[in-house]
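Coordinate analysis (summary)
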Amino acid sequence: MKPLEGVKIVDLTTYLAAPTTVRVLGEWGADCIKIESAKGDPARTQGAVFNMPYEDDENLAFDVANMNKRFITLNLKTEKGLEIAYKLLEEADVFVTNTRTKSLIKLGLDYDTLKEKFPRLIFAQVLGYGENGPEKDTAGFDVTCYMARGGVFGTTVNKGDAPMVPTNGFGDFQVSMGLASGICAALYAREKSGKGDKITVGLHHSAVYALSTGVISAQYGNQYPKSRKEVPNPFNNVYRTSDEKWVVICCPEYDRDYEKIMTLVGRPDMVGNERYMKCAEVNEYNRNQEVIDILDEAIGKFSRKELLAMFKANDLACEAAYEPLDMYEDEQVWANNIITKIPYPSGERYMPTNPVNFSSLGNPEYKIGGSQGAHTVEIMEHLGYSRDEIDGILESGAATGETKLKKL
């Protein structure tokens, strides 16, 4: 039995964070139905932004957040469309959305309304800037709420450089797992109380939480951003190899490892050099950059492969700063099902898996595809509407049947 088998989820989501939450819960066994408006989730056409195809039979930019779902298209601004949504929610355990609260109120799908109608329903919402404050109704995206306002851009940059250019959804995918955990806790609590709950996860809040070490230490003078030329321990740093690849060295016991590392990188002349042997003195006399310059020159003579092999053979923590194409060739990735292969018409395509593993579940199933409105009729039949009623609803525009994306 899958962990969430028997749990029913109604999904009113767009883009990445909230829909990915539902995708993950679907992998854990939940029955998931996604409601879309007639114009559809904009993520259906985001493949163009990511330089990927976006067709009904191959749309990984959409599938990465929307596998394992059935799709119904409703006009929630109509009486009949909202009626169908309420019928779905009457059967549901969880309602997941990233629609802004002021819009949910207009639709009659806000928490206060739904908790009166469906006391056992768990309401789960991804927010940009949280429920309170002057920005609570401001449009929020991963890159603005999480990366910018949340401090990731300003904190993780190498001091003096421009902020990094992250992959799309860097914060979204992390938020999705936070919301999934909250939903599971609420389901557990409901077994004891019989009552639903409201769970919110904000992009802004999540980023600040992820930067906890920097946030708490800044009040003691540990300021970010930092320069790689000024790090307190030169053996905890990034270096570039002869093949123009970045590697990360993490050897926190500087004094212990000093002579070993200097010998390995081809600088035996540094062994016994009292100017650089003690980390405390390196920091006291601001010699950090001198040590890093020495290591830059020495490490720059090795290829990434050579340096990694040498450090790992000597039980010194060192790793390549992998790029996506490197991951495709990583034996560790495939041994742990970190990436899986999804069959598409053009061939097997790689997709990261969610990082939570259940020994009872094994590798999750991935049900790909799903045109907009592909299950509208099927779902309405399940809800008890007759064929004539369904035809009338479709004709009125309160619901829409299967709608194919236009071919590129």
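Figured I'd write up the structure that's included with this text.

Rules behind the numbers
- Residues numbered from 1 in each chain as written.
- Predicted model: local features only at pLDDT ≥ 70, side-chain atom pairs only at ≥ 80, totals over all residues.
- Heavy atoms only, no water.
- Helix = DSSP H or I, 4+ residues; strand = E, 2+ residues; numbered from the N terminus.
- Phe/Tyr/Trp six-rings, centres within 6.5 Å; stacked < 30°, edge-to-face > 60°.
- Buried < 20%, exposed > 50% of the residue type's maximum accessible area, 1.4 Å probe, protein only.
- Lys NZ or Arg CZ within 6 Å of the ring centre and 35° of its normal.
- Axes fitted to C-alpha atoms, helices over the stretch in contact; angles between N-to-C directions.
- Parallel < 35°, antiparallel > 145°, perpendicular 65-115°, else oblique.
- Contact = heavy atoms within 4.5 Å.
- Nonpolar A, V, L, I, M, F, W, Y, C, P; charged D, E, K, R; others polar.
- Pairing = 2+ DSSP bridges.

With that settled, consider unusual backbone geometry. Among all residues except glycine, the phi angle is most often negative; among peptide bonds, the trans geometry is most common. Of note, the bond from Tyr 224 into Pro 225 is cis; its omega dihedral lies within 30 degrees of zero at 0°. By secondary structure assignment, the location of Pro 225 is in the loop between helix 10 (212–218) and strand 7 (236–240). One non-glycine residue, Asn 286, lies in positive phi territory at about 55°. If you trace the backbone, Asn 286 turns up in the loop between helix 12 (279–284) and helix 13 (288–299). Positive phi, normally seen in glycine, also occurs at Asp 315, with a value near 55°. As for its position among the elements, Asp 315 is in the loop between helix 14 (304–313) and strand 9 (318–320).

Attention now moves to the packing of aromatic side chains. Describing an aromatic ring pair means giving the distance of the ring centres and the angle of the ring planes. Tallied over the full model, the rule gives 11 aromatic pairs. For the pair Phe 62 and Phe 71, a centre-to-centre distance of 6.0 Å together with 40° between the ring planes defines the contact as tilted. Classification of Phe 62 by relative accessible area gives buried; the value is 2%. An aromatic cluster is defined as three or more aromatic residues linked by ring pairs; in this entry it consists of Phe 95, Tyr 111 and Phe 123. Seen from the ring of Tyr 239, Arg 228 lies directly overhead, with NZ or CZ sitting 5.2 Å from the centre. Over the ring of Trp 334 we find Lys 341, and its NZ or CZ is 5.4 Å from the ring centre.

Interhelical geometry of helix 6 (residues 142–149) versus helix 8 (residues 170–193) gives an angle of 90° and a closest axis separation of 8 Å. Between helix 6 and helix 8, the angle is such that the two are roughly perpendicular. Between helix 6 and helix 8, the residues in contact are Asp 142, Tyr 146 and Met 147 and Phe 170, Gly 171, Asp 172, Gln 174 and Val 175, respectively. Partitioned by chemical class, the residues of the contact of helix 6 with helix 8 number four nonpolar, two polar and two charged.

What follows covers the sheet that holds strand 6 (residues 198–202). Read from one edge of the open sheet, seven strands run 6-5-4-1-2-3-12, paired in mixed fashion. Either end of the sheet is taken by a strand with one partner, and the two such strands are strand 6 and strand 12 (399–400). The pairing of strand 1 (residues 8–12) with strand 2 (residues 31–36) spans four bridges and is classified as parallel. The residue bridging Lys 8 from the neighbouring strand is Asp 31, located in strand 2. Where helix 1 (residues 17–27) meets the sheet, it contacts strand 1, strand 2, strand 4 (94–97) and strand 5 (122–127), and its direction lies at approximately 160° from that of strand 1. Along the sheet, helix 8 makes contact with strand 4, strand 5 and strand 6, crossing strand 5 at roughly 165°.

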